[in-house]
Amino acid sequence: VVDEVKLVIKNAVNTIEQKRDKENNYQYLENALQESIPIIQQSLLYEMTVKGKVPTQNIKQSIDLTPGKGAVITIEMYSDTQNKPSFETATKSIKDLLLTKNMEVRFVTHDQQLLVLPSFSLLTPDKVVEVRLKDIAENILGYFSFEDRIHVSIGIGGMFTSINTLHSSYLQSIKALTQSY
């Protein structure tokens, strides 16, 4: 009888340990997924904006990629020195600037370009969005005017209202970079 009780207890302990291992593994997978979502979103945003590849409906539903209304602002930075200008500090400064104006923004880097994707409510009138986009571009230029040996060009693309038009806004912003006013 004692051996049977020991066996039952041993089996119960094994079952509890297996369940605990599954829960720990589930927790680890859940944490890994949560940490990966921003990276996946960034990758998808790059694919949509730069390459023009819109994800499938399943991906659109499972990850929030709704940009609202806005335009792609492409910034090209060149330095007089051997050092490449840091997009990281520019991104933080631009993000801080737009947060003071209660605006949401996403970024994509591509080669020597920093793509700024400010987001406005779809209910915001187009004229208001256009004025704010120009204001953002002027603020960005103002920020970089204090940086020695860094030259900045900014192009603003046409309005997007969905992820399907991000790429065309990007292409328009690239074209705008070549035109000066």
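For the structure itself, consult the block above.
Just so we're clear, the structure is a prediction, and the values are computed from it rather than from any experiment.

Undergrad: It is not clear to me how the overall build of the protein chain should be interpreted in this structure. Could you clarify?
TA: When helices and strands are counted, the protein chain shows five helices and four strands. Moving toward the C terminus, one meets the helices and strands of the protein chain in the order α-α-β-α-β-β-α-β-α. A burial count over the protein chain gives 31% of its 181 residues as buried. Partitioning the contacts of the protein chain with sequence separation of at least 6, the portion at a separation of at least 24 is 68%.

Undergrad: Explain the packing of helix α3 (residues 87-100) against helix α4 (residues 126-145) here, please?
TA: Each pair of packed helices can be described by the angle between their axes along with the distance between the axes. Two elements in contact, α3 and α4, have axes whose closest approach is 11 Å; the angle formed by their N-to-C orientations is 135°. Taken together, the axes of α3 and α4 are oblique relative to one another. Like other packed secondary-structure pairs, α3 and α4 cross with a definite hand, here right-handed. The residues of α4 that touch α3, namely those facing Thr89, Ala90, Ser93, Ile94, Leu97 and Leu98, are Ile136, Asn139, Ile140, Tyr143 and Phe144. Of the residues that constitute the contact of α3 with α4, the class distribution is eight nonpolar, three polar and no charged.

Undergrad: Where do I start with the side chain of glutamine 113 in this structure?
TA: Among the structural elements, glutamine 113 can be located in strand β3 (residues 113-119). Take glutamine 113: its relative accessible area is 8%, and that puts it in the buried class. In this structure the side chain of glutamine 113 is engaged in a polar contact, spanning 3.1 Å, whose partner is the side chain of glutamate 76. Sequence-distant contacts of glutamine 113, defined by excluding residues within four places in its chain, comprise Thr74, Ile75, Glu76, Phe87, Val108, Tyr170, Ile174 and Leu177.

Undergrad: Got a minute to help me understand a nonpolar patch on the surface in this structure?
TA: A contiguous nonpolar surface patch, about 380 Å² in accessible area, is contributed by Val1, Val5, Ile9 and Val13. By secondary structure assignment, the location of valine 13 is in helix α1 (residues 2-51).

Undergrad: Honestly, the packing of α1 against helix α5 (residues 166-177) in this entry has me stumped. Any pointers?
TA: Packing of α1 against α5 brings their axes to within 6 Å, and their N-to-C directions diverge by 55°. Classed by the angle they form, the pair α1 and α5 counts as oblique. In this structure, α1 uses Leu45, Met48, Thr49, Val50 and Lys51 to contact α5, whose residues at the interface are Leu166, His167 and Tyr170. Taken together, the residues that form the contact of α1 with α5 break down as five nonpolar, two polar and one charged.

Rules behind the numbers
Residues numbered from 1 in each chain as written. Predicted model: local features only at pLDDT ≥ 70, side-chain atom pairs only at ≥ 80, totals over all residues. Heavy atoms only, no water. Helix = DSSP H or I, 4+ residues; strand = E, 2+ residues; numbered from the N terminus. Buried < 20%, exposed > 50% of the residue type's maximum accessible area, 1.4 Å probe, protein only. Contact = heavy atoms within 4.5 Å. Axes fitted to C-alpha atoms, helices over the stretch in contact; angles between N-to-C directions. Parallel < 35°, antiparallel > 145°, perpendicular 65-115°, else oblique. Left-handed = near helix turned anticlockwise from the far one by under 90°. Nonpolar A, V, L, I, M, F, W, Y, C, P; charged D, E, K, R; others polar. Polar contact = N/O pair within 3.5 Å; in protein donor to acceptor, adjacent residues only side chain to side chain. Patch = residues over 30% accessible without salt bridge, like charges linked within 9 Å, V, L, I, M, F, W, Y side chains within 5 Å. Areas by Shrake-Rupley, 256 points an atom, 1.4 Å probe, with all protein chains shown as cover. Salt bridge = Lys/Arg side-chain N within 4 Å of Asp/Glu carboxyl O.

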